[in-house]
Amino acid sequence: MEKIEDSFSKTQEFKPQICIVGRRNVGKSSLLNKLIGQDYSKVSETPGTTVNPVEKEYKLLPHGPVLLVDTSGIEEEGELGEKKISQTIKILAQSDLIVVVLDARRELHPKEIELFATIEKLDVNCIAAVNKIEFGTNQKLLSELKELRLTHFEISCKENVGIEELKRKIIRSLPGNDENFLLWDIVSKGDTVVLLVPESRQIPKSKILLNQFQIIQEAIEKESIIILCREDELQQTLSGLKKYPDLIIADSDSIKKISADIPVSVKLTTFSLLMSRNKSDLKIYLDGLKKIENLQNGDKVLISELCFNHPVEDEIVGFKIPTLIEQYLNKKLNFVKVSEKNFPEHLQDIKLIIQCIGCSKSRREVKYKLNLAKLLDIPIVNYSLLISYLKGTMPRVIAPFKEALSEWERLKLTSV
């Protein structure tokens, strides 16, 4: 089994992805070359030179390592063009920052307006780089960008003007590495946290150990008190304390029984919910929960795995989730299951996506699918929130997460 320390060190690796996108021949490849200070991406006056995405890992100082991606033109036509657009959309969904390159001489093209609308759906930081100012700048373009409330920089890749200012803005707009925190904003100095060692085999053993290690480390760094015990030792452990703990973390399968024996004032949550919050956005998943009520007999529901299952997980995905949701709705649904990084090509008939927690995947990989669902306007929820909801442990298990509890109340969701 992989050492915990080795696994933990891998979670520290985070290279923000910067996507450079725009129409053909606006200077996307030239900008990438200027940012890294070398001729890496092929530059040509011939439109459509960049056929496939060009990736370059680069240490963007003073920030650190990033992944720069130069994409093909967004207005390509025909079968090849459609594939290129589809590829660009996938890259956008994985990006942490998007730089849209525009031709300073032109007004916004309908494809560029459509691109900005797509980016807005993703809620990803976006900067407009107005290139080729050596030929003059179209004031109508600047007015359009102001109307769209877009941050823009006027640059010339040919004459190396404005590049350093743009680079500084890119660095300021990059997200930090927040994917490793599980407890940091939930517990405080002196808080007591009880960690119930789960007996469930639904999560790979190495991943359970890794999350326990992270929880313990964060609790120690926050000067909190961490207590580990087995689930059958909980009452004995609590009887030895002067007061109830500030937080109890348990396995999803046992949380309902535990919650019945613990006062409502004590915060409870699950390992899987901590992981879900750590890797994605619980607020979007909560919105997906609200849409469950709209499902009708025969509706297609996509169950999406980020990795191939172990046999024990097949029972959860193939039987447990479909059974729980059909019993709750008293309806017969059409479940489609996929185990791959991307969604199937045709999703027109899908009414709901149920996504795995992504316990063995990075935050970017999990959010990638969530972003694709947002672009496709398909409601999405994950296993953890869905099971907690259908088992009647909501909203108690999300009480430690202020942003999720606030969204629950805003959506006027009620317990099952």
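In case you missed it, the structure is sitting above this.
Residues numbered from 1 in each chain as written. Predicted model: local features only at pLDDT ≥ 70, side-chain atom pairs only at ≥ 80, totals over all residues. Heavy atoms only, no water.

### Notes on the overall build of the protein
Secondary structure summary: the protein contains 15 helices and 14 strands in total. Out of the 416 residues in the protein, the part that is buried amounts to 51%. The long-range share in the protein, meaning contacts at least 24 apart out of those at least 6 apart in sequence, stands at 75%. Just so you have it, the protein exposes about 20300 Å², and 48% of that area is on carbon and sulfur atoms. (Helix = DSSP H or I, 4+ residues; strand = E, 2+ residues; numbered from the N terminus. Buried < 20%, exposed > 50% of the residue type's maximum accessible area, 1.4 Å probe, protein only. Contact = heavy atoms within 4.5 Å. Areas by Shrake-Rupley, 256 points an atom, 1.4 Å probe, with all protein chains shown as cover.)

### Section: the nonpolar core
Counting 98 residues, the largest nonpolar core has Leu-286, Ile-354 and Ile-398 as the members making the most contacts within it. Aside from chain neighbours lying at most four places away, what touches Leu-286 is Leu-385, Met-394, Ile-398, Ala-404, Glu-407, Trp-408, Leu-411 and Leu-413. Core analysis: the next-biggest nonpolar cluster, separate from the first, contains 23 residues, Ile-18, Leu-32, Leu-60 and Leu-174 among them. (Core = buried A, V, L, I, M, F, W, Y, C linked by side-chain atoms within 4.5 Å.)

### What about the packing of aromatic side chains?
Here the structure, examined in full by the defined rule, presents two aromatic pairs. Each ring, one from Tyr-328 and one from Tyr-389, has its centre 5.9 Å from the other, and the planes form 70°; the classification is edge-to-face. Of this pair, Tyr-328 sits in helix 12 (residues 311-329) while Tyr-389 sits in helix 14 (residues 383-390), placing them 61 residues apart in sequence. By relative accessible area, Tyr-328 is classed as partly exposed at 28%. What makes Tyr-389 buried here is its relative accessible area of 4%. Ring centres of Tyr-389 and Trp-408 lie 6.2 Å apart, and the angle between their planes is 70°; this geometry places the pair in the edge-to-face category. Residue Tyr-389 is found in helix 14, and its partner Trp-408 is found in helix 15 (residues 402-410); the two are separated by 19 residues along the sequence. (Phe/Tyr/Trp six-rings, centres within 6.5 Å; stacked < 30°, edge-to-face > 60°.)

### Considerations on the pairing of strand 9 (residues 247-250)
Burial along strand 9 is two-sided: the residues Leu-247 and Ile-249 and Ile-248 and Ala-250 are all buried. One ladder, built from three bridges, connects strand 7 (residues 192-197) with strand 9; its direction is parallel. From the neighbouring strand, Leu-195 faces strand 9, where its bridge partner is Ile-249. The pairing of strand 9 with strand 10 (residues 267-270) spans four bridges and is classified as parallel. Bridge pairing links Leu-247 to Lys-267 in strand 10. With helix 9 (residues 255-261) bridging strand 9 and the parallel strand 10, this β-α-β connection has right-handed handedness. (Pairing = 2+ DSSP bridges. Right-handed = clockwise from strand over helix to strand, strands pointing away.)

### Regarding helix 5 (residues 139-147)
Restricting attention to buried positions, one finds in helix 5 the residues Leu-141, Leu-142, Glu-144 and Leu-145. Viewed end-on, helix 5 has its buried residues packed into an arc of 160°, placing them on one side of the element. Among the exposed residues of helix 5, those pointing more than 90 degrees away from its buried face are Gln-139, Lys-146 and Glu-147. Where helix 5 is buried, its residues touch strand 4 (97-103), helix 4 (110-122), strand 5 (125-131) and strand 6 (151-154). Between the side-chain oxygen at the start of helix 5 and the backbone nitrogen of Lys-140 there is a gap of 2.8 Å, and the oxygen is on Asn-138. (Arc of directions from axis to C-beta. Polar contact = N/O pair within 3.5 Å; in protein donor to acceptor, adjacent residues only side chain to side chain.)

### A word on the sheet that holds strand 13 (residues 350-355)
One open sheet holds the four strands; their spatial order is 12-11-13-14, and the pairing between them is parallel. One side of each edge strand has no neighbouring strand; the edge strands of this open sheet are strand 12 (334-339) and strand 14 (380-382). Adjacent strand axes in the sheet meet at a mean angle of 25°, parallel and antiparallel pairs treated alike. Against the sheet, helix 14 contacts strand 11 (300-305), strand 13 and strand 14, and its axis sits at roughly 80° relative to strand 14. (Axes fitted to C-alpha atoms, helices over the stretch in contact; angles between N-to-C directions.)

### Focus: the sheet that holds strand 10
The four strands lie next to each other as 8-7-9-10, forming an open sheet whose pairing is parallel. With one partner strand each, in any of the chains shown, strand 8 (225-230) and strand 10 form the two edges of the open sheet. For this sheet the average axis-to-axis angle between neighbouring strands, irrespective of direction, equals 20°. Against the sheet, helix 10 (residues 271-279) makes contact with strand 7, strand 9 and strand 10, and its axis sits at roughly 75° relative to strand 10, the strand it touches most.

### Some thoughts on the pattern of salt bridges
For the coordinates displayed, the defined rule picks out 16 salt bridges. In this structure, the salt-bridge partner of Lys-320 is Asp-253, at a minimum N-O distance of 2.9 Å. In this pair, Lys-320 is assigned in helix 12 and Asp-253 in the loop between strand 9 and helix 9, connecting sequence segments 67 residues apart. Its relative accessible area of 37% is what places Asp-253 among the partly exposed residues. (Salt bridge = Lys/Arg side-chain N within 4 Å of Asp/Glu carboxyl O.)

### What about the packing of helix 4 against helix 13 (residues 363-376)?
Relative orientation of the contacting elements helix 4 and helix 13 amounts to 130°, with a least axis distance of 9 Å. It follows from the interaxial angle that helix 4 and helix 13 lie oblique. The two elements helix 4 and helix 13 meet at a crossing, and its hand is right-handed. The segment helix 4 lies against helix 13, with Thr-118, Lys-121 and Leu-122 engaging Asn-371, Lys-374 and Leu-375. Classifying every residue of the contact of helix 4 with helix 13 by side-chain character gives two nonpolar, two polar and two charged. (Parallel < 35°, antiparallel > 145°, perpendicular 65-115°, else oblique. Left-handed = near helix turned anticlockwise from the far one by under 90°. Nonpolar A, V, L, I, M, F, W, Y, C, P; charged D, E, K, R; others polar.)

### Considerations on the packing of helix 10 against helix 14
When two helices pack together, their arrangement is given by the angle between the helix axes and the distance between those axes. For the pair helix 10 and helix 14, the least separation of the axes is 9 Å and the interaxial angle reads 135°. Here helix 10 is positioned oblique relative to helix 14, judged by the angle of their axes. Along this stretch, helix 10 crosses helix 14, giving a crossing that reads as left-handed. Of the residues in helix 14, those in contact with Ser-272, Leu-273 and Ser-276 of helix 10 are Ser-384, Leu-385 and Ser-388. Among the residues forming the contact of helix 10 with helix 14, the class breakdown is two nonpolar, four polar and no charged.

### Comments concerning unusual backbone geometry
Glycine aside, the phi torsion of most residues is negative, and most peptide linkages are trans. For the bond running from Leu-61 to Pro-62, omega is 5°, close enough to zero to count as cis. With respect to the secondary-structure elements, Pro-62 resides in the loop between strand 2 (54-60) and strand 3 (64-70). In the Ramachandran plot, Asn-330 falls in the positive-phi region, its phi being about 55° despite a non-glycine side chain. Residue placement: Asn-330 occurs in the loop between helix 12 and strand 12. The exposed category is assigned to Asn-330, whose relative accessible area is 69%.

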